[in-house]
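Take a look at the letters that make up each chain.
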Amino acid sequence: MKTKMNSKKITTYLLFCALFITSSLMAQKTVDAKEILSAIKNGKDVSYENVTITGVFDLTFMDEKASDLPKKRKWYKNNGSNSIEEQIEVKVSFVNCVFNDNVFAYIHDEDSEYTFIANFEDDVAFTNCTFNGNALFKYSDFERNADFSGSKFKENTTFKYAKFDKNVSFSNTTFDEDAIFKYSEFRRGVSFSNAKFKGNLNLKYTKVNGDFDVKGMDVSYSINTKYTKINGESFNKYLVNNN
């Protein structure tokens, strides 16, 4: 009897340990956005894989800056500009991650009339990630390589006026809503190979210098390529010359 009882106790104990370890591992897979932002603010490279990020991921750090700025309609004192820019100096890497809330590298605060922007001085990777909220990178400068390949944008997204100085990829990326690249600049080419745009694609005034890979790209609705320049040529002329 004692042997059987001990056996049951051991089995129960092992099951408890297994459940504890499993729950611990699951807990480790969730990271608060504030924790990551704090590391970035302290000048540390950030690299995450297979985690879920909770909370608003605001790379502009608007909340901590807004209180120190002049009141509404007084932004002209700030050198005549209402743009407040944050320079992200560290490497940023997310692989197979899920962002449950909004990701902001651009915010226009209607109350103060300030525009908050995040620029990236080192490599940026959002590879095979899922953005469940808005993902706004309007006006952002990407000074090094930028990789958004394989990611899924579920809500509104914009790269309007964004500048990419080095290599950039949106290959195999899915956009569930309209994707805006209006006025964006790609200085060393860009890949949209096998990208899926389930809404509209806006490339109006976009400039691309270098390779422009659109093999397998699929746009469900309209694509605006008015005034788009690919190595100095119009979008349609470029496609004809490269078929």
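Above: the structure in question.
Residues numbered from 1 in each chain as written. Predicted model: local features only at pLDDT ≥ 70, side-chain atom pairs only at ≥ 80, totals over all residues. Heavy atoms only, no water.

Draft legend 1. Broad picture of the overall build of the protein. Across its full length, the protein carries 4 helices and 31 strands. Residue burial in the protein is summarised as follows: out of 243 residues, 42% are buried. Nonlocal contacts in the protein, meaning residues at least 24 apart in sequence, comprise 37% of its contacts between residues at least 6 apart. (Helix = DSSP H or I, 4+ residues; strand = E, 2+ residues; numbered from the N terminus. Buried < 20%, exposed > 50% of the residue type's maximum accessible area, 1.4 Å probe, protein only. Contact = heavy atoms within 4.5 Å.)

Draft legend 2. View of the layout of surface pockets. In this structure, the largest pocket spans a volume of roughly 170 Å³. Along the walls of the largest pocket sit Lys-34, Leu-37, Val-56, Asp-58, Phe-61, Met-62, Asp-63 and Glu-64, which together make up its complete lining. At the level of secondary structure, the elements contributing two or more residues to the lining of the largest pocket comprise helix H2 (33–41) and helix H3 (62–66). In terms of residue count, the dominant contributor to the lining of the largest pocket is H3 (3 residues). Residue composition of the lining of the largest pocket, by class: 4 nonpolar, no polar and 4 charged. (1 Å grid on protein atoms, 1.4 Å probe; cavity = no way out; pocket = protein on both sides within 12 Å on 5 of 7 lines; lining within 4 Å. Points joined across faces, edges and corners; volume = space filled by probe spheres on them. Nonpolar A, V, L, I, M, F, W, Y, C, P; charged D, E, K, R; others polar.)

Draft legend 3. How the structure looks around the pattern of salt bridges. What the rule picks out here adds up to 9 salt bridges. Ionic pairing is found between Arg-144 and Asp-122, a salt bridge with its closest N-O pair at 3.9 Å. In this pair, Arg-144 is assigned in the loop between strand E14 (141–142) and strand E15 (146–147) and Asp-122 in the loop between strand E10 (114–120) and strand E11 (124–127), connecting sequence segments 22 residues apart. In this structure Asp-122 comes out as buried when scored by relative accessible area, which is 16%. Measuring nitrogen to oxygen at the nearest pair gives 3.9 Å for the salt bridge that ties Asp-176 to Lys-154. Of this pair, Asp-176 sits in the loop between strand E20 (174–175) and strand E21 (179–180) while Lys-154 sits in the loop between strand E16 (152–153) and strand E17 (157–158), and the two are 22 residues apart along the sequence. Here the residues in one salt-bridge network are Lys-41, Glu-64, Lys-65 and Glu-86, joined through shared partners. (Salt bridge = Lys/Arg side-chain N within 4 Å of Asp/Glu carboxyl O.)

Draft legend 4. Focus on unusual backbone geometry. Even without being glycine, Asn-172 reaches a positive phi, approximately 60 degrees. With respect to the helices, strands and loops of the structure, Asn-172 is situated in the loop between strand E19 (168–169) and E20. A positive phi angle, near 65 degrees, is found at Tyr-227, a position not held by glycine.

Everything listed here is a matter of geometry and, on its own, says nothing about what the molecule does.
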